[in-house]
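What follows is the residue order along each chain.
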Amino acid sequence: MTQDAEGRAAIRQAVSVSLATGLYGVSFGALAVAAGLTVPQAMALSLLMFSGGSQFAFIGVVGAGGLAGAAIATAGLLGVRNGLYGPQVAPLIDARGWRRPLAAQLTIDESTAVATAHKAPHAAQLGFWWTGVGVFALWNLFTLVGAVAGDRMGDPARYGLDAAAAAAFLGLVWPRITGPGSRLAQTVAAGAVVVALALTPLVPAGIPVLLAAVVAIVAGLVARQREPVA
């Protein structure tokens, strides 16, 4: 595949991902209003936090009556993954000057996935920027649509919007738990599910997610200790 052809392929992939991701911003806007947030508050989360998983986690804990500290900690824990994407993305896009903080804001699951899917540097850069900017614009647009229409829509669960975030996350992580060498990921996922389900009736909302993450931390430490020394 020529450089131009791979670049066009990266742009097409970026547009598709941006549309799919942006559209379920409607569910976030509607759920945020249903959880008690105002329209400006919902928009502030999308504009500033701009991390779908963290945003859904935050309003999920708030809507369930959880403590503010649990909501912030849960959202923050999920947001840490975006920082871990930095070492992967930085060499690909080589952002400098004013582009560096912009790239940091746009480093999310989708932009990282599209960028790292292409080996050619030019295609990786196109994939990252087109995906990041596209998702940001559409996510905020549809957050506004969902938040404004939230009261008229009634209960978001009637339209299945409450399951949109879970479905999107499943789509993102599915290749990681079904592909080659996924045994560790499968074990971590199963352990986290067991911990979260066991603790849900016993502790405030948001805490089970935090404690389930301990499974991944322990698994990572054990796996690292077992790595052969070079």
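In the annotation of an unreviewed UniProt entry, the entry for the chain reads Branched-subunit amino acid permease, and the organism field reads Cellulomonas humilata. UniProt, in the comment section headed Sequence similarities (unreviewed entry), describes the chain in these words: "Belongs to the AzlC family." Turning to the chain, the UniProt record has this under Subcellular location (unreviewed entry): "Cell membrane".

Asker: When you look at the overall build of the chain in this model, what are you seeing that I'm missing?
Answerer: In terms of regular secondary structure, the chain is built from 11 helices and 0 strands. Each helix and strand of the chain, placed in order from N terminus to C terminus, yields the pattern α-α-α-α-α-α-α-α-α-α-α. Counting only residues that meet the buried cut, the chain has 37% of its 230 residues in that class. Considering only intrachain contacts with a sequence separation of at least 6, the fraction spanning at least 24 residues in the chain is 73%. For the chain, the accessible surface area stands at approximately 12,900 Å², while carbon and sulfur atoms represent 68% of it.

Asker: Looking at this model, I keep getting lost on the UniProt feature "transmembrane region" (unreviewed entry) in the chain. Mind explaining?
Answerer: Per the UniProt entry, the sites bearing "transmembrane region" (unreviewed entry) are residues 23–49, 56–78, 128–147 and 189–222 in this numbering. Structurally, residues 23–49 comprises 81% helix and 0% strand, and the distance from its first C-alpha atom to its last is 18 Å. Between the first and last C-alpha atoms of residues 56–78 the distance is 10 Å; the span itself is 83% helix and 0% strand.

Asker: Would you explain a nonpolar patch on the surface in this entry?
Answerer: On the surface, Leu211, Val214, Val218 and Val222 cluster together to form a nonpolar patch covering roughly 280 Å² of accessible area. Along the chain, leucine 211 falls in helix 11 (residues 207–226).

Asker: Sorry, what's going on with helix 7 (residues 109–116) here?
Answerer: It helps to recall that an α-helix has 3.6 residues per turn; residues three or four apart then point in one direction. Extensive coverage of helix 7 is indicated by the burial of 6 of its 8 residues. For helix 7, the set of buried residues is Asp109, Glu110, Ser111, Thr112, Val114 and Ala115.

Parameters and conventions
Residues numbered from 1 in each chain as written. Predicted model: local features only at pLDDT ≥ 70, side-chain atom pairs only at ≥ 80, totals over all residues. Heavy atoms only, no water. UniProt positions renumbered as here; feature names shortened; annotations may be inferred. Helix = DSSP H or I, 4+ residues; strand = E, 2+ residues; numbered from the N terminus. Buried < 20%, exposed > 50% of the residue type's maximum accessible area, 1.4 Å probe, protein only. Contact = heavy atoms within 4.5 Å. Areas by Shrake-Rupley, 256 points an atom, 1.4 Å probe, with all protein chains shown as cover. Patch = residues over 30% accessible without salt bridge, like charges linked within 9 Å, V, L, I, M, F, W, Y side chains within 5 Å. Salt bridge = Lys/Arg side-chain N within 4 Å of Asp/Glu carboxyl O.

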